[in-house]
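Working through the structure, step by step
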Amino acid sequence: VSRRAAGMGGALHIMQSGGGTITFAAARETPIHLVESGPVGGVVGAAALAAELDLGDVITLDIGGTTAKSSLIKGGEVAVTTDYRLEWTPRYAGYPVKVPVVDIVEIGAGGGSIAWLDDTGRLHVGPESAGADPGPAAYGRGGTRPTVTDANLITGRLDPEAFLGGRMRLDLEAARRAYQPLAAHYGIDVDAAALGVLRVADAVMMNALTLVSVQRGYDPRDFSLVVMGGGGPLHGPALARELGIRRVVVPRAPGHFSAWGMLTSDLRRDLVQTFVTDLDHAAAGDLEARFTAMETELIGAFAAEGLERAAVTCVRAADLRYRGQEHTVRVPVPGRLDGPADVEAVIGRFHEAHQRQYTFRLDSGVEAVNLHVTAVVRQPRPARAPLDRVPGEAGANRALVGRRAVLFGAGQRLEVPVYDRGRLPAAAEVRGPAVIAEEASTTLLHPGMAMVVDDFGNLHIDTGAGRGVER
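What you see is a predicted model, and the numbers here were worked out from it, not measured in a lab.

1. Side note on the overall build of the protein
- A tally of helices and strands in the protein yields ten helices and 26 strands.
- Taken over the C-alpha atoms alone, the protein extends approximately 70 × 55 × 45 Å along its principal axes.
- Per-residue burial over the protein gives 52% buried out of 471 residues.
- When contacts within the protein are restricted to residue pairs at least 6 apart in sequence, long-range pairs at least 24 apart make up 64% of them.
- When the accessible area of the protein is evaluated, it comes to approximately 21400 Å², of which 52% is carbon and sulfur surface.
- Taken together, the 48 basic and 55 acidic charged side chains of the protein have centroids lying 3 Å from each other.

See below:
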C-alpha cells in the first residue's frame, strides 16, 4: 500500500545522526549520516519536551532490549560530536565515524540482557542479549537463559497477564526455571538471585549516566532525567535517586518516544571543514570568510530543495585544543567575526569549556582544528490535546486496577497499587511504592517516591533524592 493510499500526505524526510531530518534524496547521497539515527530521535524529543515543560538541563536514559543509551542536553542544545565510534566498548576502541552524530553513550544492558557467570564465578549482565527470538525465558519461545526481563517478572515488577496490554502472556515458571542455576550457584533462592541480577543491571546502566555527566564535568544533581524505551521508566527512577537526581519525567508512550522525537525534529544539514591554525594569531577575516563559504554551500543545498534563504538559520562552532594536545573541545562561535575581540571571546569560551570537562586550563596557545556550520529549517511540532483534570488521589483512583506483590529489597516484598496509565487524568497524584502500567512500558515508583501527571499526560516523579530515603 502506498503512503498516499494510506492517507499519508506531505514530503518524506528521514532522521539523521546529527539530530535533524533530511530528504530521501539527500540521504541517498550521504547514507553515513544515518548511523544511530533511531536513538537520536529520542534525544531530540527529550530536548523538545524539556523546552515545552521548562525542565532546564536534562539527561536522557533510553533502555531497550539490548542496551541502555544516555545523552546530556545542556542549555537546550543536543550535544553533537564528530568522534563517534561504531562498536565502541570500554575495552575496544571501535571504528571512528567522522560525521556529526548526537553524543550518545551506549552500554550493553537492557531487558533481554543475559545474566551469566564467568570462569571465576563472578556475575555479569550483558552485553549478550536473548534478543526477540527466542527472547527471555518468560516469552515462552525456547529461551532458557536468565535475563533482566525475567528478573523483573520474578520480582513482581512486570505483570505476566498484562504484558503488551495483555496481548502477550509471560511465563513466570519458565523465568523461575531459568534463574534456578544462578540461585543454586550462590546458595540462595530464586527471588534473591533475580534481585541480585537487577542490582548488577542497574549498576551497568548507571555507568551510562555517569559517562555523560560526571566524567564530563557535570553534576547530575543539576539535571532532570527523561526516561524512555520499554525499560527506562522501570529502572530510571531508582537510578536517578542513586545519582541524586530529584526529578524524573516519563513522557507519553515512552516505548515509542523516539518516533515522537523524530516528529519534533527540524530539517538540518551539517558541514565540517578541517582548518588547523593558531587561533591566537588567526585573522578574524580569514575565519569569517571560511564560515561564510560553508554557510553559502548549505543554504544552496536547501535552495535546491525549494527552501528560501529566509527560512534557514545557521549556527557556527569550532573544535579547539591547546597547542600540542590531541583531544579537542567544541565551542560555539558567534554569527559574525568582526575583529580580534571576537576571536578572543571564542578563546575564552574554550578555556571555560576545557576547565569544566577536564578540570584544568593551560596558558599555552589555542589551535583551531575543525570548523562546523549547522543549517536548520524549523518545522511545525505535532499538536497534543490536554487531558481532563481530576486532581490528587481522586484522579489516581480512576486508574487503579489492582494490587500486586513487588520485591524491592531483600525480604521487602510489598503489596503495591497498580494503575493503568491510560486512565490517569491530569493532576492525578500517586505515592510510592506503586506500579503504573501501560502497553509498551511499566513505571516503578519505589518507597518514598511521588508522582504527578501534567496536563499532557507526562509523569513527573519526585525521587526523594536528598531526603535520606532508603532505596
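2. Looking at the pattern of salt bridges
- Tallied over the entire structure, the rule returns 25 salt bridges.
- The salt bridge involving Arg-404 is made with Asp-159; its shortest N-O contact spans 3.7 Å. Placement of the pair is Arg-404 in strand E20 (residues 400-409) and Asp-159 in the loop between helix H3 (148-154) and helix H4 (172-186), with a sequence separation of 245 residues.
- By relative accessible area, which is 14% here, Arg-404 ends up buried.

3. What to know about helix H5 (residues 190-212)
- Here H5 contains 23 residues, and its C-alpha end-to-end distance of 34 Å stays within 8% of the 33 Å for a straight helix at 1.5 Å per residue.
- Put simply, Asp-189 is the residue that caps the front of H5, since its side-chain oxygen is 3.3 Å from the backbone nitrogen of Asp-191.

4. Re the sheet that holds E20
- Here four strands make up an open sheet; going across it, the order is E20-E21-E23-E24 and the pairing mixed. Strands with a single pairing partner mark the edges of an open sheet, and in this sheet they are E20 and strand E24 (441-445). The mean angle between the axes of side-by-side strands here comes to 30 degrees, regardless of whether they run parallel or antiparallel.
- By the bridge criterion, five bridges tie strand E23 (residues 434-438) to E24 in an arrangement that is antiparallel. Following the sheet pairing, Ala-437 is matched in E24 by Thr-442.
- Here H5 sits on the sheet and contacts E20 and strand E21 (412-420); the angle it forms with E20, its principal contact strand, is near 85 degrees.

5. Some details on the packing of aromatic side chains
- The final tally for this structure, using the stated rule, is four aromatic pairs.
- Note on Tyr-218 and Phe-223: the rings are 5.9 Å apart at their centroids and 90 degrees apart in plane angle, and the pair reads as edge-to-face. With respect to class, Tyr-218 is no different from Phe-223; both count as buried.
- Ring plane angle 25 degrees and centroid distance 5.4 Å describe the contact between Phe-257 and Trp-260, whose orientation is recorded as stacked. Of the two residues, Phe-257 and Trp-260 are both situated in helix H7 (residues 257-263); the distance of three residues between them amounts to about one turn of the helix. Of the two residues examined, Phe-257 and Trp-260, each falls in the buried class.
- Arg-269 extends its terminal NZ or CZ atom over the ring of Phe-302, reaching a point 5.7 Å from the ring centre.

6. Notes on a nonpolar patch on the surface
- Residues Leu-86, Tyr-92 and Tyr-95 make up a contiguous nonpolar surface patch of about 280 Å² in total accessible area.
- The topology assignment puts Tyr-92 in the loop between strand E7 (84-86) and strand E8 (95-97).
- Using a relative accessible area of 38% as the deciding quantity, one classes Tyr-92 as partly exposed.

7. Section: the environment of Arg-316
- On the secondary structure map, Arg-316 appears in strand E16 (residues 312-322).
- Contacts of Arg-316, omitting those with residues within four sequence positions, involve Glu-288, Phe-291, Thr-292, Glu-295, Pro-332, Val-333, Pro-334, Gly-335, Arg-336, Leu-337, His-372 and Val-373.
- One polar contact links Arg-316 to Glu-288, side chain to side chain, over a distance of 2.8 Å.

8. Digging into the packing of H4 against H5
- Look at H4 against H5: their axes get within 8 Å of each other, and the N-to-C directions meet at 85 degrees. If you check the angle between H4 and H5, you find them roughly perpendicular. Listed contacts from H5 to Arg-176, Tyr-179, Gln-180, Leu-182 and Ala-183 of H4 are Val-190, Asp-191, Ala-193, Ala-194 and Val-197.
- Among the residues forming the contact of H4 with H5, the class breakdown is seven nonpolar, one polar and two charged.

9. Regarding the environment of Gly-244
- Of note, Gly-244 is situated in the loop between helix H6 (232-243) and strand E14 (247-250).
- We classify Gly-244 as partly exposed; its relative accessible area is 23%.
- For the pair Gly-244 and Arg-176, spaced 68 residues apart in sequence, the C-alpha to C-alpha distance is 33 Å.
- Residues contacting Gly-244, with those up to four places away along its chain left out, are Arg-221 and Ala-465.

10. Some details on the nonpolar core
- If you look at the biggest cluster of nonpolar residues, it comprises 67 residues, and the most contacted ones within it are Tyr-179, Leu-225 and Met-451.
- Sorting elements by how many residues they give to this core places H5 first, with twelve residues.
- Sequence-distant contacts of Tyr-179, that is, excluding residues within four places in its chain, are made with Pro-146, Thr-147, Val-148, Asp-150, Ala-151, Ile-154, Val-190, Ala-193, Ala-194 and Val-197.
- Counting residues in each nonpolar core, the second largest holds 31 residues, with Phe-275, Ala-284, Tyr-322 and Val-366 among its members.

What counts and how
Each chain has its residues counted from 1, running along the sequence as written. Predicted model: local features are reported for residues with pLDDT of at least 70 only, side-chain atom pairs are reported and counted for 80 or more only, and whole-chain, interface and lining totals are derived from all residues. Side-chain descriptors were evaluated using all non-hydrogen atoms of the structure, hydrogens and water having been removed beforehand. Secondary structure elements follow DSSP: runs of H or I no shorter than four residues count as helices, runs of E no shorter than two count as strands, and numbering proceeds from the N terminus. Relative accessibility decides the category of a residue: with a 1.4 Å probe and only protein chains considered, values under 20% of the type maximum give buried, values over 50% give exposed, and everything between is partly exposed. Contacts were defined at the residue level, with two residues in contact if any of their heavy atoms lie within 4.5 Å. Throughout, the Shrake-Rupley method with a 1.4 Å probe supplies accessible areas, and for residues the shown protein chains are the sole cover considered. Positive charge is attributed to Lys and Arg, negative charge to Asp and Glu, and no charge count is given to His or to the chain ends. Just so you know, the charge point we use is NZ for Lys, CZ for Arg, CG for Asp and CD for Glu. A pairing counts as a salt bridge when a side-chain nitrogen of Lys or Arg comes within 4 Å of a carboxyl oxygen of Asp or Glu. Expected helix span is given by 1.5 Å per residue-to-residue step, counting one fewer step than there are residues. We call two N or O atoms a polar contact when they sit within 3.5 Å, provided that within protein one can donate a hydrogen and the other can accept it, with sequence-adjacent residues counted only if both atoms are side-chain atoms. At least two DSSP bridges between two strands are required for those strands to pair. What counts as an axis is a line fitted to C-alpha atoms, over the stretch in contact for a helix, and the angles between N-to-C directions run from 0 to 180 degrees. When the centres of two rings from Phe, Tyr and Trp lie within 6.5 Å, Trp using its six-membered ring, the rings pair. Their planes under 30 degrees apart give stacked, over 60 give edge-to-face, and anything left gives tilted. Only when the NZ atom of a Lys or the CZ atom of an Arg is both within 6 Å of the ring centre and within 35 degrees of the ring normal do we say a charge sits over the ring. For patch detection, residues must exceed 30% relative accessible area and be free of salt bridges, and they are connected within 9 Å for like charges or within 5 Å for nonpolar side chains (Val, Leu, Ile, Met, Phe, Trp, Tyr). Should an angle lie under 35 degrees it is considered roughly parallel, over 145 roughly antiparallel, and from 65 to 115 roughly perpendicular; all remaining angles are considered oblique. Put simply, Ala, Val, Leu, Ile, Met, Phe, Trp, Tyr, Cys and Pro go in the nonpolar bin, Asp, Glu, Lys and Arg in the charged bin, and everything else, Gly too, in the polar bin. The nonpolar core is taken to be a set of buried Ala, Val, Leu, Ile, Met, Phe, Trp, Tyr and Cys residues, with the residues joined through side-chain atoms within 4.5 Å.

Without other data, these values stay purely geometric and don't point to any function.
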